[in-house]
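# Structural description and commentary
These are the residues of each chain, in order.
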Amino acid sequence: MELKEEFQEAKAWVEESFHLNVSGEASLFEVNIRYIGGLLSAFYLTGEEVFRIKAIRLGEKLLPAFNTPTGIPKGVVSFKSGSWGWATAGSSSILAEFGSLHLEFLHLTELSGNQVFAEKVRNIRKVLRKIEKPFGLYPNFLSPVSGNWVQHHVSVGGLGDSFYEYLIKSWLMSGKTDMEAKNMYYEALEAIETYLLNVSPGGLTYIAEWRGGILDHKMGHLACFSGGMIALGAEDAKEEKRAHYRELAAQITKTCHESYARSDTKLGPEAFWFNSGREAIATQLSESYYILRPEVVESYMYLWRQTHNPIYREWGWEVVLALEKYCRTEAGFSGIQDVYSSTPSHDNKQQSFFLAETLKYLYLLFSEDDLLSLEDWVFNTEAHPLPVNHSDSSGRAWGRH
Ligand code: DMJ
């Protein structure tokens with residue numbers, strides 16, 4: 001974005017003030033997708049050593065989380081000043097969390113030469129491949145001790161979401177050599193279509209949540225990334241399924257747009273339902289907030305790149321206007337407490353994914369396709385771009401500085 005001065009300031013901060021000898025606890029998943037993902041991108045986009053070194057050192061600090069009987073990491077790592085941390089107690093690990101390490105950890109191995117990172121995520125794959133899956137579905141909670149599912153809740157929204165995303169993106173990032181990820185992705189998607197996909201009486205396609213065979217006819221804002229994911233994966237599906245997946249991606253994205261269009265602010269709620277005659281709207285105040293989440297504009301960006309249908313830029317522009325009108329404050333942008341109020345209260349928080357994802361996807365939606373081309377880059381789940389491996393089997397070819 002040509003923000004060169006800001007970049008220099010941020011780099012100086014990483015160099016001088018981003019200390020890793022801290023105590024306290026941190027989420028393995030969040031540190032990985034936000035910090036490690038951001039540092040890796042900064043390295044690949046600039047070639048500046050400081051980002052590579054910090055990413056690797058931070059990655060090393062996360063390793064104790066994997067000290068479990070199965071190697072499925074626990075969700076939280078405790079850092080202790082000057083020593084290794086340890087994984088905290090806790091009964092189950094979350095699919096979206098331990099399933100969203102693969103992209104970054106492969107790059108950590110690539111950039112450090114240390115195989116341990118790749119080994120950790122390959123083992124997670126192995127466990128997931130071996131375990132029996134109800135109807136081919138992946139439940140959201142797994143015990144890192146026994147390696148068994150803890151309950152049968154399946155969701156493409158929160159708790160499940162980026163696990164599916166990382167399967168198709170692992171395939172793409174590997175230069176289309178990671179067949180295991182490809183197969184796991186299409187198999188999982190088929191099961192999702194069979195058991196979770198629905199069309200409302202009003203004709204809106206949505207992905208429900210599954211609880212041991214019973215459906216909650218609800219979609220979270222988080223699940224709206226799936227339009228983009230299905231579009232991204234459509235081209236590598238079996239020939240006879242490609243057009244179907246393109247259409248499915250477009251329909252889901254349209255439903256998510258409806259959740260925005262049916263509110264007073266033209267921003268979408270945290271969750272929306274399809275029941276009791278209501279469609280694509282929240283049913284209670286506790287789900288009516290919008291915290292600057294990116295998933296809907298993320299799907300607009302992928303659908304735009306795939307189709308060049310101007311509707312996606314129009315929908316994206318509606319979001320820009322709504323953000324300006326309802327979320328802009330003197331000091332930045334804020335979430336709002338009720339998308340159905342024309343004078344919503346602010347929550348006084350600018351989540352970091354607003355800059356990393358929401359604004360980045362909007363920027364890309366209005367840019368040329370060759371800016372961070374999808375041929376050359378995959379976005380991690382926090383929208384930090386990582387390069388595709390274009391090498392043949394012989395060697396290193398990640399380095400597009
Ligand atoms: C982001 O931190 C990531 O996209 C994550 O995968 C889930 N969603 C939030 C933003 O909504």
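A brief structural summary. (Residues numbered from 1 in each chain as written. Predicted model: local features only at pLDDT ≥ 70, side-chain atom pairs only at ≥ 80, totals over all residues. Heavy atoms only, no water.)

### A look at the layout of surface pockets
Put simply, the largest pocket is a space of about 1800 Å³. Phe7, Ala42, Leu45, Lys360 and His384 are, among the 37 residues lining the largest pocket, the residues nearest its centre. (1 Å grid on protein atoms, 1.4 Å probe; cavity = no way out; pocket = protein on both sides within 12 Å on 5 of 7 lines; lining within 4 Å. Points joined across faces, edges and corners; volume = space filled by probe spheres on them.)

### Re the site of the ligand
For the ligand, the full set of nearby residues is Ile33, Arg34, Ser162, Leu222, Arg293, Pro294, Glu295, Phe353, Glu357, Thr381 and Glu382. In the model, an oxygen atom of the ligand is placed 2.7 Å from a nitrogen or oxygen of the arginine 293 side chain. Glutamate 357 is positioned with one of its side-chain polar atoms (N or O) 2.9 Å from an oxygen atom of the ligand. For the ligand, whose accessible area on its own is 290 Å², the fraction buried by protein is 92%. Put simply, the parts of the chain that give the shell around the ligand at least two residues each are α2 (28–46) and α13 (352–365). Per-class residue counts for the shell around the ligand are four nonpolar, two polar and five charged. (Near = heavy atom within 4 Å. Polar contact = N/O pair within 3.5 Å; in protein donor to acceptor, adjacent residues only side chain to side chain. Areas by Shrake-Rupley, 256 points an atom, 1.4 Å probe, with all protein chains shown as cover. Helix = DSSP H or I, 4+ residues; strand = E, 2+ residues; numbered from the N terminus. Nonpolar A, V, L, I, M, F, W, Y, C, P; charged D, E, K, R; others polar.)

### What to know about the packing of helix α8 (residues 179–195) against helix α9 (residues 226–234)
Between α8 and α9, the shortest axis-to-axis distance is 12 Å and the interhelical angle comes to 130°. By the angle between their directions, the pair α8 and α9 is classed as oblique. Crossing of α8 against α9: the hand is left-handed. Across from Tyr185, Tyr186 and Leu189 in α8, the residues of α9 making contact are Met229, Ile230 and Gly233. Partitioning the contact of α8 with α9 into residue classes produces five nonpolar, one polar and no charged. (Axes fitted to C-alpha atoms, helices over the stretch in contact; angles between N-to-C directions. Parallel < 35°, antiparallel > 145°, perpendicular 65-115°, else oblique. Left-handed = near helix turned anticlockwise from the far one by under 90°. Contact = heavy atoms within 4.5 Å.)

### Considerations on a nonpolar patch on the surface
Where nonpolar side chains cluster on the molecular surface, the patch consists of Met1, Leu3, Tyr363 and Leu371 and spans about 400 Å² of accessible area. You can call tyrosine 363 partly exposed: its relative accessible area is 35%. (Patch = residues over 30% accessible without salt bridge, like charges linked within 9 Å, V, L, I, M, F, W, Y side chains within 5 Å. Salt bridge = Lys/Arg side-chain N within 4 Å of Asp/Glu carboxyl O. Buried < 20%, exposed > 50% of the residue type's maximum accessible area, 1.4 Å probe, protein only.)

In short, the description is geometric, and any link to function would need to be established separately.
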